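Spelled out, the chains give:
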Amino acid sequence: MTQRMGSCGQDIPFETQFLIVEVSDGSQFGVLGDQGGNQSALYAVFLPILEGDFRAVLQGNAQDELEICLESGDPAVEGFEGTHLVYVAAGSDPFDVITDAVKNVERHLQTFSHRERKKMPDMLNWFGWCTWDAFYTDVTAEGVKQGLESFMEGGIPPKFVIIDDGWQSVSMDRTSTEFKADNAANFANRLTHIKENHKFQKNGKEGNRVDGGFRHVISEIKEKHALKYVYVWHAITGYWGGVTPGVSEMEHYGSKMTYPSASPGVQSNEPDEALDSMTTNGLGLVNPDKVFSFYNELHSYLASAGIDGVKVDVQNILETLGTGHGGRVKLARKYHKALEASIARNFPDNGIISCMSHNTDGLYSARRTAVIRASDDFWPRDPASHTIHIASVAYNTIFLGEFMQPDWDMFQSLHPMAEYHGAARAVGGCAIYVSDKPGQHDFSLLRKLVLPDGSLLRAKLPGRPTRDCLFSDPARDGKSLLKIWNMNDYTGVIGVFNCQGAGWCKVGKRNLIHDEQPSTITGALRTADVNYINKIAHAGWSGDVVVYSHLGGELVYLPQNASLPVTLKAREYEVFTVVPVKELSNGACFAPVGLVTMFNSGGAITELKYESNSKSETVNLKVRGSGLFGAYSSVHPKRIVVDAEEMEFEYCKVSGLVTLTLKTPDKELYSWDMAVEL
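Residues numbered from 1 in each chain as written. Predicted model: local features only at pLDDT ≥ 70, side-chain atom pairs only at ≥ 80, totals over all residues. Heavy atoms only, no water.

Caption draft 1: Structural detail: empty space enclosed by the protein. Taken as a whole, this structure holds four cavities of 30 Å³ or more when the rule is applied. What the largest cavity holds in volume is close to 80 Å³. Along the walls of the largest cavity sit 13 residues, with Ala426, Ile432, Leu449, Leu457 and Asn600 positioned nearest its centre. Of the residues contributing to the lining of the largest cavity, the split by class is eight nonpolar, two polar and three charged. (1 Å grid on protein atoms, 1.4 Å probe; cavity = no way out; pocket = protein on both sides within 12 Å on 5 of 7 lines; lining within 4 Å. Points joined across faces, edges and corners; volume = space filled by probe spheres on them. Nonpolar A, V, L, I, M, F, W, Y, C, P; charged D, E, K, R; others polar.)

Caption draft 2: How the structure looks around the packing of aromatic side chains. Applying the stated criterion across every chain yields a total of 28 aromatic pairs. Centre to centre, the rings of Tyr364 and Phe403 are 5.4 Å apart; their planes meet at 70°, and the pair counts as edge-to-face. Taken together, the residues Tyr364 in the loop between helix H9 (360-363) and strand E16 (371-373) and Phe403 in the loop between helix H10 (386-400) and strand E17 (405-407) connect sequence positions 39 residues apart. Looking at Phe403, the relative accessible area reads 0%, which means it is buried. Connected via pairs of aromatic rings, a cluster forms that spans Phe18, Phe112, Tyr364, Phe399 and Phe403. Across the ring face of Tyr532, the terminal group of Lys535 is positioned such that the distance to the ring centre comes to 4.0 Å. (Phe/Tyr/Trp six-rings, centres within 6.5 Å; stacked < 30°, edge-to-face > 60°. Helix = DSSP H or I, 4+ residues; strand = E, 2+ residues; numbered from the N terminus. Buried < 20%, exposed > 50% of the residue type's maximum accessible area, 1.4 Å probe, protein only. Lys NZ or Arg CZ within 6 Å of the ring centre and 35° of its normal.)

Caption draft 3: Local environment of the pairing of strand E25 (residues 545-549). The element E25 is largely enclosed, with a buried count of five among its five residues. The alternating pattern of E25 places Val545, Val547 and Ser549 on one face and Val546 and Tyr548 on the opposite face, and all of these are buried. Sheet topology places E25 next to strand E26 (residues 555-558); four bridges connect them, and they run antiparallel. By the bridge assignment, Val547 is partnered in E26 with Val556. Between the antiparallel neighbours E25 and E26 lie five residues, among them Gly553 with a positive phi of about 65°. By the bridge criterion, five bridges tie E25 to strand E28 (residues 573-580) in an arrangement that is antiparallel. Following the sheet pairing, Val547 is matched in E28 by Val578. (Pairing = 2+ DSSP bridges.)

Caption draft 4: Spatial organisation of unusual backbone geometry. Not every positive phi belongs to a glycine, and Gln110 is a case in point at roughly 55°. Structurally, Gln110 is set in the loop between helix H1 (94-109) and strand E7 (128-130). The phi dihedral of Lys509 is positive, around 60°, even though this residue is not glycine. Examined against the element boundaries, Lys509 turns out to sit in the loop between strand E22 (502-505) and strand E23 (510-513).

Structure, rendered in structure tokens:
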């Protein structure tokens, strides 16, 4: 899934699952457009939904009409008698309208849960490493150990690991056609056993199975590297080519050869090599009535070996396999119900990352799954992919973020675009994990994302484009910057990116560079870009903020309704911390910024209180982490105390920036008690 912008009906592509329209007159929706004169725009949201055995999507036609396309995915399922195909809502705040619309559809369908009602797995709060770009399917137990040793030597050990594709027992049928490509799996392979292959068995040899291998590996790396969580990869059908029918010890899953058939809309939007391979070679589909048994036996084995969760990939393949199963919606619901039941039984921290799962068949069937990959892969060798990756995730999150916490995928810390990717993940509110090869790390970059105890300063919401970016095209129009906003407990954060120069080509059906030398662009940052900043401001807030720029290292006082110009060259970025200014009873003004060497500085502040007496005003804070802490003060502080110790600090009279250095705490997730007397 990706974004598409337009101004007329024919610009709406096939397979549109979510549509938001900006209009200036809300009379046709029965809503006042200006909501009292403060907002001139009105936003209308269209959500095509599931009804019975059918899935609805939107599409435009040459007459600029909006069409509803229905599909069952099974030629035998033709009759449709439904009346609720598209939910439409409108209002003056686009983010509120979208959230309210999805919650209303939740109440109507009663088949899924909104993100706010789901349990988030704790792995989101810790730095991680994924083996994929480090090894691809050549991953081994020794390679995992080498990678973890490499991080430990640099002083930033991961706290969770994803062992990606390459650990399972798979093989091809004799009659299958092998899929060969660099840095990809062989999509013709099928699962032959639920246990690990020889590469992860103790003293394992190819062709020979021994017991206790995975448990031995997992216990060793957890103990030696203080790992909190280990996840492993598998496809929703077991492997890319499914489960081998009739294979020893897996006959009871009732796997049968099935041949995918993609909908015309999907085929017109994007060709797919994996789907082509599966269409040619077939897929061993576990009997939907027995798929819980398959998941439960797989996951219970993994849990017994010390595995804490799974990354479940290739989920969209279910939409192509509905023939003979009552259609795509019915098949998806059976599989997702079984999958979530197994996760709940075997991984109590809700340990699942949903991947290749953007279709509404899955979204409107997800009651528990809380994390979803929101993009195409991170492609380290494709220079056209990096800017559009950031833009696509941000825009996809507008919709996907209502269902789950979007996952921005791994990246490599030593890649030429690593800082760009890292900054985006810092404002994304997502898990942060890299796919570095052993010995190839940029630890200075990682220290902007990860605290010494391995925890993250994770923002509270899914990071989304600011309101004034919703209908611009920051990848193609040559004039727009992409701004992504998020929230912390007491601050806002905005990442600004120049994403121009590359994007999806509707003719070539892939990402292409369309401008080798994109222009330098100037945009503006405003307080209102942090859409919910009023929710964290104190009572009586004037609207004034301070803005701290991560790369520029500058603190700027921004009065209400003022704007700050931002100029970025091609593929440049900046991250801004935005903090409401508090005016105290003695006339002093204060605003805490946080750990200024971190991308998401304000994420370090976990508590903020103001106290006053006849002699002075005191700001009491709790602050996580270590390093340089910064705050704005209109007056020179009288003193600053941290954990009962008076601290030395510096004060810049011109900008009002106060800075002091916090030590590295001995305890994990420790918060310093800080008191600033003014």
